[in-house]
Amino acid sequence: MKSLLVVGCGSIGRRHMKVFRELGVEFIGGADHREDRVNQALDEAGANAVAQDHRQALADHAYDAVVVATPPHLHTSIALDAAAAGCHLFIEKPLATDDQGLDELEATCRSRSLVAYTAYCYRFIPSVERLRQLLDSSAIGRPLCARLHISSYLPDWHPWEDYREFYMASKAQGGGALFDESHGIDLLRWLFGQVRDVSAFVGNVSDLEISSDDLSVVQLRFANGLVAQGHFDLLGRTPRIGLEVTGSEGTILWDRIDPKISVYKAGEGAWATESFPANDTVQSYGRQAQHFLNCISSGANPRTPLNDGRQTLSVLTAAAESSASGRVITVSNDALAA
């Protein structure tokens, strides 16, 4: 692949620019309605061309692929424009804020043989890949239940700007603990399969001045019988990201902040810990970008295709519905059959 357009030149967009440049992409363009971010794309990320409108950028240059790194409420419309221009798609998570337009997007990508990847980079963290290997090899027997905890403090995310102006503070733009930290929902789905139903609280308990949720507590029942609890918040004063899986023969603890996996096997009566490099998570960005490039060159299906991203979106919307209605919501699995 020779050319790439990154739509949305915030911090994650500029990171993608740098990563794809390191992987040999020759021409990288940027598009963002904010002039300061356009300038940062030029100065910090070495963009070859910039525009304040993605349609103008697509008209100015024939790109091979487009990274969609805007707030989530804009993802689908931008992806539709890029697919219409014949570009492969790398869409930041979550895939969208609702399912509207996604049937059309999938049909366009299918008819034009375009790779469409949903960027859930946790699947490329080395310690997470190891975690899946352990579960798949029945290291703790049959997984029975799991507890996931993702916590951080929103004002610390971008200390260079007012958190209240950050899209994460806006429910309308797809911000909030549940949707942005949907890495956790995707992780649980990747490890344990299809979600059957959801019950959740999605709301606000802190003094943060945001319209999006600062706390989401989700209970998932999987088709295989496993029950998982997910805790997502934007109010924790120290970052905590981890997963505990209890199985019929032991327990696994995964820690993303201090990268390690600890395994307790009942038959041995002891813990064994495997540590990973400090850049364990950072490695995922380059690994997923290389995977995307490999899929384009080989025609292979990406690790997280559109219909997989849509299934995670179905869990997110079911959680929001559960919280609003006070009911357990059955998750639609139509997306996986597409």
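Before going into details, it helps to say that this report is about the structure given with it.

1. Some thoughts on the side chain of Thr281
Locating Thr281 in the fold gives a position in the loop between strand E14 (270-275) and helix H10 (283-298). With near-sequence residues (within four places) excluded, Thr281 lies in contact with Ile125 and Arg256.

2. Overview of the state of the cysteines
Enumeration according to the criterion identifies 0 disulfides in this entry. In this model Cys87 remains outside any disulfide bridge; the closest cysteine sulfur is found in Cys109, 10 Å from its own. Unpaired in this structure, Cys121 has its nearest cysteine sulfur neighbour in Cys295, at a distance of 16 Å.

3. Comments concerning the pairing of E14
Pairing of strand E13 (residues 260-265) with E14, which is carried by 6 bridges, proceeds in the antiparallel orientation. From the neighbouring strand, Tyr264 faces E14, where its bridge partner is Trp271. Linking E13 back to E14 in an antiparallel pair, the connection comprises 4 residues, with Gly269 at a positive phi of about 65°.

4. What about the sheet that holds strand E2 (residues 27-31)?
As summarised here, the arrangement of the 6 strands in space is E3-E2-E1-E4-E5-E6, forming an open sheet in which the pairing is parallel. Strands at the two margins of the open sheet, each flanked by one partner only, are strand E3 (49-51) and strand E6 (116-119). Taken over all neighbouring pairs, the strand axes of this sheet differ in orientation by 15° on average, direction set aside. Bridge analysis of strand E1 (residues 3-7) against strand E4 (residues 65-68) gives 4 bridges, and the strand direction is parallel. Residue Val6 lies in a different strand from E4, and its bridge partner there is Val67.

5. A closer look at a nonpolar patch on the surface
Together, Phe201, Val205 and Val217 make up a nonpolar patch on the protein surface, roughly 250 Å² of accessible area in all. For Phe201, a relative accessible area of 38% translates into the label partly exposed.

6. Side note on helix H1 (residues 11-22)
With 12 residues, H1 ought to run about 16 Å at 1.5 Å a step, and its terminal C-alpha atoms sit 17 Å apart, in line with that. Restricting attention to buried positions, one finds in H1 the residues Gly13, Arg14, His16, Met17, Val19 and Phe20. Contacts made by the buried residues of H1 are with E1, E2, helix H2 (35-43), E4, strand E5 (88-92) and H10. Looking one or two residues beyond H1, the residue adopting positive phi is Gly24, at roughly 100°.

7. Here's the deal with the sheet that holds E13
The sheet built from 9 strands is open, its strands ordered E14-E13-E12-E11-E7-E10-E9-E8-E15 with mixed pairing. Pairing within the sheet leaves two strands with one partner each, and these edge strands are E14 and strand E15 (329-330). Where strand E7 (residues 143-153) and strand E10 (residues 227-233) come together, 7 bridges link them in parallel fashion. Bridge assignment links Ile150 to a residue of E10, and that residue is Phe232. With respect to the sheet, helix H6 (residues 126-136) is in contact with E7, strand E11 (235-247), strand E12 (250-255), E13 and E14, its orientation differing from that of E12 by roughly 170°. Sheet strands in contact with helix H11 (residues 306-325) are strand E8 (195-203), strand E9 (215-222) and E15, and its direction is about 55° off that of E8.

8. Details of the pattern of salt bridges
Pairing is possible between side chains of opposite charge, provided their charged atoms come close. This model, assessed by the stated rule, comprises 21 salt bridges. Across the pair Asp99 and Arg310 runs a salt bridge, and its minimum N-O distance is 2.6 Å. Here Arg310 lies in helix H11 and Asp99 lies in the loop between E5 and helix H5 (102-111), a separation of 211 residues in the sequence. Here Asp99 falls in the partly exposed class, since its relative accessible area comes to 38%. By relative accessible area, which is 5% here, Arg310 ends up buried. Of the charged contacts in the structure, one is a salt bridge between Glu321 and Arg327, with a shortest N-O distance of 3.6 Å. We classify Glu321 as partly exposed; its relative accessible area is 39%. Via salt bridges that share partners, Asp99, Asp103, Glu106 and Arg310 belong to a single interconnected network.

Reading guide: rules and limits
Residues numbered from 1 in each chain as written. Predicted model: local features only at pLDDT ≥ 70, side-chain atom pairs only at ≥ 80, totals over all residues. Heavy atoms only, no water. Helix = DSSP H or I, 4+ residues; strand = E, 2+ residues; numbered from the N terminus. Contact = heavy atoms within 4.5 Å. Disulfide = S-S within 2.5 Å. Pairing = 2+ DSSP bridges. Axes fitted to C-alpha atoms, helices over the stretch in contact; angles between N-to-C directions. Patch = residues over 30% accessible without salt bridge, like charges linked within 9 Å, V, L, I, M, F, W, Y side chains within 5 Å. Areas by Shrake-Rupley, 256 points an atom, 1.4 Å probe, with all protein chains shown as cover. Salt bridge = Lys/Arg side-chain N within 4 Å of Asp/Glu carboxyl O. Buried < 20%, exposed > 50% of the residue type's maximum accessible area, 1.4 Å probe, protein only. Expected span 1.5 Å × (residues − 1).

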